[in-house]
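# Coordinate analysis (summary)
Below are the chains, spelled out letter by letter.
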Amino acid sequence: MNPKYDASFYIRVLDQYVATGECSDTDDEPLYAYLLSIMNDPMIKIQVLTDEVCARIFYDMMSQFIHLNLEKEKYNLQKSQSEQNGMKQTLEWSIARRKDGWQALLQQVSDKYETMGFGSSFYRSQFGNEEEKYGDDELWERMVEDWEEAFKRNLQEQKKKEIDRRKESLENRLHANLKNIPEYLRRHEVEKDEFFQAWGLMSGMWNTVDFERIRKVVRMQKEYPEIIKIANLMGRTADDEGRERLHVGQGDVYRLEHSSKNDIQGVTVGNDLNALLPTEMVHCADDDLESLFIYKYVTRKLQTFRYKSEIMQPARSLETKPAVHKGPMIVCLDTSGSMVGIPEKIAYSLLVKLLEIADRQRRPCFLIAFSVSICPIDVRKERARLLDFFSTTSCGDTDATRMLKTTFDLLQSKKEYMNADVLWITDFKIPLPSPKLTDRILEYRKADTHFYGLQLGIAENEWVPFFDRVYRVDYPVARCY
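Residues numbered from 1 in each chain as written. Predicted model: local features only at pLDDT ≥ 70, side-chain atom pairs only at ≥ 80, totals over all residues. Heavy atoms only, no water.

### Describing the overall build of the chain
Just so we agree on the cut-off: Here a helix means four or more residues in a row that DSSP labels H or I, a strand means two or more in a row labelled E, and each is numbered from the N terminus. We call a residue buried when its accessible area falls under 20% of the maximum for its residue type, exposed when it is over 50%, and partly exposed in between, using a 1.4 Å probe and counting protein chains only. In what follows, a contact means two residues having at least one pair of non-hydrogen atoms within 4.5 Å. Residue-level accessible areas treat just the shown protein chains as cover; the underlying method is Shrake-Rupley with a 1.4 Å probe.
Per the secondary structure count, the chain includes 19 helices and 12 strands. Counting only residues that meet the buried cut, the chain has 44% of its 481 residues in that class. When contacts within the chain are restricted to residue pairs at least 6 apart in sequence, those whose partners lie at least 24 apart make up 72%. Carbon and sulfur atoms form 50% of the exposed surface of the chain, whose accessible area is close to 25,900 Å².

Given below as structure tokens:
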């Protein structure tokens, strides 16, 4: 695999495209070349830059497609590990082994890579002549290098075939989703935040039945505002309003504010879709004028506002400074029988919100569902499993011992996990375990691991001293202490 084209590379590409519409024209790497062909489609670019919902649909679907292809490429590379090892071993062959084995080796490589440009006939003529040039180290190394180049070309061909096999289905779903989902949201008056949360669980596979089922869970947040308070606490937003500071490269600090009227300096032409004049927006929305709008976009002749702030503060000088370095989220969810009913629904609603935050902040998020048994789920990677989990019913007794041990194992698995946010969602009808385990909670808190709780119900709670903060939801009153 080319280390340049890793997952982080594609994240940066998608981030830049969704924010600005900027991308390269073309590239030789198969997956990137295909992604660029999609991003340079004028109609898709217009939809992505003018509609947050379309931007999110595009981002999630393309991220999923990229991840799928990178995993397949990784698998193919691992599957051919023995051949790669064979290349290295061939370089170490003795002269005697080269003499006995060069013909079989060339036949083996030729059978597999003749169509990939491996020149077996040249090496046969060289190694088979009277001078016995298989003993020439430089020529032997050149043969192995040609073998390796053919091997890499073959992997690229496999990659192209995988993309070709999947791209028609992807494009059909992408175009259908970009058209149908915004229309459905408008018709049913669905709020953007409700959509973002529900869509995050659907793995790019839109259907109204699943969407409405998840949407009901999301809407619990309006009835119980503590859900959002806890989610923001886990998200470690910069302040109570959720704002972040923008720092200028020279060191001055500004707050991001809405544009004021005197920020507009005049009218110009270009293709900045964030600064369109209202008349151009009308053309974009009119089916008869859509072709004219696309033509003006491609030729950079759309009428747009010109902003003073755009002139005085170039984008290159700004960077986002989050409030605190964000570690993973670890959610410990009580699934014992006492959680059946409203507590279960509140817990699921909070989980959906936390997943949306984890996606936005690109933080690992783990669910440890516990009663008698333990059920860990990496919710960002196993969304289908999480969706199935929502269909189960809580049952059994509560045992915190194994849950705590699983939590501690996660916290110890990576250095950066020490800065985690751990959340318990339970009625706290849980007997205290041995002091050895509760003391470890206090030790982790000293190392900047935060422990929060959402208590569902009004039972006595012996666990409060071990947490940074515990929220409590009494039905129907909610409060924090």
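So, next bit.
### Thoughts on helix H4 (residues 52–79)
For clarity, the threshold we go by: Expected helix span is given by 1.5 Å per residue-to-residue step, counting one fewer step than there are residues. Residues adjacent in sequence count toward polar contacts only when both atoms are side-chain atoms; beyond that, a polar contact is any pair of N or O atoms within 3.5 Å, and within protein one must be able to donate a hydrogen and the other to accept it.
The end-to-end C-alpha distance of H4 is 40 Å, a good match for the 40 Å that 28 residues give at a rise of 1.5 Å each. Capping the start of H4, Asp 51 holds a side-chain oxygen 2.8 Å from the backbone nitrogen of Val 53, two or three residues further along.

### Considering the environment of Lys 45
Structurally, Lys 45 is set in helix H3 (residues 42–50). For Lys 45, a relative accessible area of 12% translates into the label buried. Residues Lys 45 and Glu 22, 23 residues apart in the sequence, show an inter-C-alpha distance of 9.4 Å.

### Quick word on the packing of helix H12 (residues 226–235) against helix H16 (residues 342–361)
For clarity, the threshold we go by: Here the axes come from fitting lines to C-alpha atoms, over the contacting stretch only for helices, and the angles between their N-to-C directions go from 0 to 180 degrees. A clockwise turn of the near helix away from the far one marks a right-handed crossing, whereas an anticlockwise turn of less than a right angle marks a left-handed crossing. Only Asp, Glu, Lys and Arg are considered charged in this grouping, and only Ala, Val, Leu, Ile, Met, Phe, Trp, Tyr, Cys and Pro are considered nonpolar; every other residue, Gly among them, is considered polar.
It is the contact of H12 with H16, at a shortest axis distance of 10 Å, that shows an interaxial angle of 35°. Relative to H16, the crossing made by H12 is right-handed. Counted together, Ile 227, Ile 228, Ile 230, Ala 231, Asn 232, Met 234 and Gly 235 of H12 and Ile 346, Ser 349, Leu 350, Lys 353, Leu 354, Ile 357 and Gln 361 of H16 form the full contact between these two elements. Along the lines of polarity and charge, the residues of the contact of H12 with H16 split into nine nonpolar, four polar and one charged.

### A word on the pairing of strand E10 (residues 450–456)
Cut-off, in case you're wondering: Paired strands, in this sense, are two strands between which DSSP finds at least two bridges.
Most of E10 is tucked away, with seven of its seven residues classed as buried. Burial along E10 is two-sided: the face carrying His 450, Tyr 452, Leu 454 and Leu 456 and the face carrying Phe 451, Gly 453 and Gln 455 are both buried. The pairing of strand E9 (residues 421–426) with E10 spans six bridges and is classified as parallel. Residue pairing in the sheet places Trp 424 in a bridge with Gly 453 of E10.

### Things to note about H16
With 20 residues, H16 ought to run about 28 Å at 1.5 Å a step, and its terminal C-alpha atoms sit 29 Å apart, in line with that. With 16 of 20 residues buried, H16 is to be regarded as a mostly interior element. Directly after H16, the chain includes Arg 362, whose backbone phi takes a positive value near 50°.

### Brief notes about the pairing of strand E6 (residues 329–334)
Counted only if it meets this: We call a crossover right-handed when, viewed with both strands directed away from the observer, the connection leading from the first strand over the helix to the second proceeds clockwise.
Of all six residues in E6, six are buried, a share of seventy percent or more. Burial along E6 is two-sided: Met 329, Val 331 and Leu 333 and Ile 330, Cys 332 and Asp 334, pointing in opposite directions, are all buried. As paired strands, E6 and strand E7 (residues 365–370) are joined by six bridges and run parallel to one another. Its bridge partner being in E7, Val 331 is matched across the sheet by Leu 367. Taken together, E6, H16 and E7 form a β-α-β motif whose crossover is right-handed. Across five bridges, the pairing between E6 and E9 is parallel. By the bridge assignment, Ile 330 is partnered in E9 with Val 422.

### Concerning the environment of Lys 88
When you line up the elements, Lys 88 lands in helix H5 (residues 81–91). A relative accessible area of 55% places Lys 88 in the exposed class. It is 8.5 Å that separates the C-alpha atoms of Lys 88 and Val 144, two residues lying 56 residues apart in sequence.

### Topic: the environment of Leu 233
Looking at where Leu 233 falls in the secondary structure, it is placed in helix H12. For Leu 233, a relative accessible area of 22% gives the class partly exposed. The spatial distance from the C-alpha of Leu 233 to the C-alpha of Leu 423 is 10.0 Å, given a sequence separation of 190 residues. Setting aside residues no more than four positions away along its own chain, Leu 233 makes contact with Asp 421, Tyr 452, Arg 469 and Tyr 471.

### A short note on the confidence of the model for the chain
To keep it simple, the criterion reads: Known as pLDDT, the predictor's per-residue confidence is scaled from 0 to 100.
For the chain, per-residue confidence averages 81 on the pLDDT scale, and 80% of positions sit at 70 or higher. In this model, residues 237–261 is a region of pLDDT below 50 whose contacts with residues beyond four sequence positions or in other chains number 36 contacts. This stretch, residues 310–324, has a pLDDT under 50; its non-local contacts, to residues over four places away or in other chains, come to 23 contacts.

### Things to note about unusual backbone geometry
Positive phi, close to 50°, is recorded for Arg 362, a residue that is not glycine. Within the element layout of this structure, Arg 362 appears in the loop between H16 and E7.

### Brief notes about the packing of aromatic side chains
Our working rule: Working definition: rings of Phe, Tyr and Trp (its six-membered ring) pair if their centres are within 6.5 Å, and the pair is stacked with planes under 30 degrees apart, edge-to-face with planes over 60 apart, and tilted otherwise.
A full pass over the atoms with the stated rule returns 26 aromatic pairs. Each ring, one from Phe 408 and one from Tyr 444, has its centre 5.3 Å from the other, and the planes form 15°; the classification is stacked. Taken together, the positions of Phe 408 in helix H18 (residues 400–413) and Tyr 444 in helix H19 (residues 435–446) put the pair 36 residues apart, joining distant regions of the chain. By the burial criterion, Phe 408 is buried, and Tyr 444 matches it. When the centroid spacing of 5.6 Å and the interplanar angle of 85° are considered together, the rings of Phe 428 and Phe 467 count as edge-to-face. Separated by 39 residues along the polypeptide, Phe 428 in the loop between E9 and H19 and Phe 467 in the loop between E10 and strand E11 (469–473) bring together distant segments of the chain. Each member of the pair Phe 428 and Phe 467 is classed as buried. By the ring-pair criterion, three or more aromatic residues cluster together here, those being Trp 93, Trp 102, Phe 118, Phe 122, Tyr 123, Phe 127 and Trp 140.

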